[in-house]
Amino acid sequence: MFNLERLEALKTNALIVRNGLNESVITTSIYTEPTIAQAIAVFTACDALVSNVDDYLTAPEEYGDRNLDLFLQGMHYLFRSIWTDKIGYCSVVLGGCTHGVRGHFGDMTDSLKEQLYYEEA
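Keep in mind the model is a prediction, meaning the values are calculated, not measured.

**Focus on the overall build of the protein**
A count of helical and extended segments in the protein gives six helices and zero strands. Reading the secondary structure of the protein in the N-to-C direction produces α-α-α-α-α-α. Its C-alpha atoms give the protein a radius of gyration of 14 Å, near enough to 14 Å, the size a compact globule of 121 residues would have. Each principal axis of the C-alpha atoms in the protein carries an extent, and together these give about 45 × 25 × 20 Å. Considering only intrachain contacts with a sequence separation of at least 6, the fraction spanning at least 24 residues in the protein is 70%. A total accessible area of about 6,800 Å² is found for the protein, and carbon and sulfur atoms account for 52% of it. Of the charged side chains in the protein, 8 are positive and 17 negative; the average position of the first set lies 9 Å away from that of the second.

**Digging into unusual backbone geometry**
Peptide bonds are mostly trans, and most non-glycine residues show a negative phi. For glutamine 115, which is not glycine, the phi torsion reads 50° and is therefore positive. With respect to the helices, strands and loops of the structure, glutamine 115 is situated in the segment after helix H6 (101-114).

**Here's the deal with H6**
A rise of 1.5 Å per residue sets the reference length of H6, with its 14 residues, at 20 Å; its end C-alpha atoms lie 20 Å apart and thus fit the reference within 8%. Restricting attention to buried positions, one finds in H6 the residues Val101, Phe105, Gly106, Met108, Thr109, Ser111 and Leu112. Lining the buried residues of H6 we find helix H1 (4-26), helix H2 (33-58), helix H4 (65-83) and helix H5 (89-95). Looking one or two residues beyond H6, the residue adopting positive phi is glutamine 115, at roughly 50°.

**Points about the packing of aromatic side chains**
Applying the stated criterion across every chain, the model contains six aromatic pairs. Relative to tyrosine 117, the ring of phenylalanine 2 lies with its centre 6.1 Å away and its plane at 35°, an arrangement referred to as tilted. You can see phenylalanine 2 sitting in the segment before H1 and its partner tyrosine 117 sitting in the segment after H6, a full 115 residues away along the chain. Accessibility expressed as a relative area gives 0% for tyrosine 117, which makes it buried. Relative to phenylalanine 105, the ring of phenylalanine 79 has its centre 5.8 Å away and its plane inclined at 75°; by these criteria the two rings are edge-to-face. Taken together, the residues phenylalanine 79 in helix H4 and phenylalanine 105 in helix H6 connect sequence positions 26 residues apart. Here the two residues phenylalanine 79 and phenylalanine 105 agree in accessibility, since each one is buried.

**Comments concerning the side chain of arginine 18**
Assignment of secondary structure puts arginine 18 in helix H1. Note on arginine 18: relative accessible area 17%, which makes it buried. Polar contacts involving the side chain of arginine 18 include one to the side chain of asparagine 19, which spans 3.3 Å. Ignoring sequence-local partners within four residues, the contact set of arginine 18 consists of Phe43, Cys46, Asp47 and Val50.

Conventions used here
- Residues numbered from 1 in each chain as written.
- Predicted model: local features only at pLDDT ≥ 70, side-chain atom pairs only at ≥ 80, totals over all residues.
- Heavy atoms only, no water.
- Helix = DSSP H or I, 4+ residues; strand = E, 2+ residues; numbered from the N terminus.
- Rg over C-alpha atoms; globule rule 2.2 N^0.38 Å.
- Contact = heavy atoms within 4.5 Å.
- Areas by Shrake-Rupley, 256 points an atom, 1.4 Å probe, with all protein chains shown as cover.
- Lys, Arg positive; Asp, Glu negative; His and termini not counted.
- Charge placed at Lys NZ, Arg CZ, Asp CG, Glu CD.
- Expected span 1.5 Å × (residues − 1).
- Buried < 20%, exposed > 50% of the residue type's maximum accessible area, 1.4 Å probe, protein only.
- Phe/Tyr/Trp six-rings, centres within 6.5 Å; stacked < 30°, edge-to-face > 60°.
- Polar contact = N/O pair within 3.5 Å; in protein donor to acceptor, adjacent residues only side chain to side chain.

Set out below in structure tokens:
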């Protein structure tokens, strides 16, 4: 059902975004509280994605295909609402990051949107 290499890539992208937000926005004194709070929101969503995919990759029988499928669909809706927010805070938050974090965020959201983590038919 799932392509394990693509799940690993999804997890890696989320990990890079999470770490980039922490290093470039959350732990710096450059940004004001609203931006830091917004970065923490995206960080938390990425952290959940990393944790759940890792749990599945570690013990797929225990985690269950259906549980991961539902979780990833939920993450798609969550990240879509973050990306399309009319205030545009995601652009501000990601714009403060280094190391190509915006590209990894795009890869992550594209994978969720297009469900690229499934095995090809």
